[in-house]
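# Topology and contacts: notes
In case you want the letters, here they are:
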Amino acid sequence: MTTGRLAVIDMQRVFADPDSPWATPRFTEAAEGVRRLLPAFDDRVTFTRFLAPAEPTGAWTAYYEQWPFALQPPDAPLWQLTDDFAAAAHHVLDAPTFGKWTPELASLVGPEGRLVLAGVSTDCCVLSTALAAADAGAEVVVVADACAGADDDSHAKALYVMDLYRPLIRVTTVAELLEAGK
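These notes cover the structure that comes with them. (Residues numbered from 1 in each chain as written. Predicted model: local features only at pLDDT ≥ 70, side-chain atom pairs only at ≥ 80, totals over all residues. Heavy atoms only, no water.)

### A closer look at the environment of Gly137
Which entries qualify depends on this criterion: A run of DSSP states H or I qualifies as a helix once it reaches four residues; a run of E qualifies as a strand once it reaches two. Both are numbered from the N-terminal end. Any two residues having at least one pair of non-hydrogen atoms within 4.5 Å are treated as being in contact.
Position of Gly137 relative to the elements: it lies in the loop between helix 6 (122-135) and strand 5 (139-148). For Gly137 and Pro53, which are 84 residues apart along the polypeptide, the C-alpha to C-alpha distance reads 28 Å. What Gly137 contacts, discounting residues up to four positions off in sequence, is Pro111 and Glu112.

Structural data, given as structure tokens:
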């Protein structure tokens, strides 16, 4: 069994739907990687959901002026986890921010714990979560082939940037992580 807590970032309909303005082109490939990881973490899995705030403030006001379609309540269909993950999501953390390193996730990982990240989008919510967790002292492992970005170039660049933070953040693959956990 692999050590640490797996955080599956934002595997939601808004990113899976090819007609969505926020569609993640390689969502299906990332989802396959996530499915391969889930059994290795058993009950140590947290799924996250990005949600719009009830009332945007600060710089978020301009953000939602650019993306007004997203100003929908938490129970709107676009914010739901995709069907294949909704059934597997026993612990869900919601946040109106890109980064999901919230006090709740930090308490689940622990002060010197290990956080394994997968999901979407590599160049936004995964990156934001990884940097905050690393700053807090968590060992962060990003599973490249269980993540997807806004496009292939952005995905690759985000992985490159995160890997610059070694040893705080390490980029790996599903196969490497599962093999190391044996």
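### Re the pattern of salt bridges
The condition that has to hold: Take a side-chain nitrogen of Lys or Arg and a carboxyl oxygen of Asp or Glu: if they are within 4 Å of each other, that pair is a salt bridge. Classification of residues uses two cut-offs on accessible area relative to the type maximum, computed with a 1.4 Å probe and protein chains only: under 20% is buried, over 50% is exposed, and between them is partly exposed.
One pass over the full model with this rule turns up 10 salt bridges. Between Asp83 and Arg13 there is a salt bridge, with the nearest N and O atoms lying 2.8 Å from each other. In this pair, Asp83 sits in helix 4 (residues 83-86) while Arg13 sits in helix 1 (residues 13-16), placing the two residues 70 residues apart along the sequence. On the basis of relative accessible area, Asp83 is assigned to the exposed category, the value being 57%. For Arg13, a relative accessible area of 34% puts it in the partly exposed group. Across the pair Glu139 and Arg114 runs a salt bridge, and its minimum N-O distance is 3.4 Å. In this pair, Glu139 sits in strand 5 while Arg114 sits in strand 4 (residues 114-120), placing the two residues 25 residues apart along the sequence. In this structure Glu139 comes out as partly exposed when scored by relative accessible area, which is 36%. What makes Arg114 buried here is its relative accessible area of 15%.

### Considerations on unusual backbone geometry
Across the junction of Val120 and Ser121, the peptide omega takes the value -10°, indicating a cis bond. Relative to the helices and strands, Ser121 resides in the loop between strand 4 and helix 6. For the bond running from Arg166 to Pro167, omega is 5°, close enough to zero to count as cis. With a phi angle near 50°, Asp10 is a residue other than glycine that sits in the positive phi range. Within the secondary structure, Asp10 is located in the loop between strand 1 (5-9) and helix 1. Relative accessible area serves as the criterion here: at 0%, Asp10 is assigned to the buried category. One non-glycine residue, Asp42, lies in the positive phi region at around 50°. Tracing the sequence through the fold places Asp42 in the loop between helix 2 (27-41) and strand 2 (45-50).

Fair warning: the whole summary comes from geometry, so function is off the table for now.
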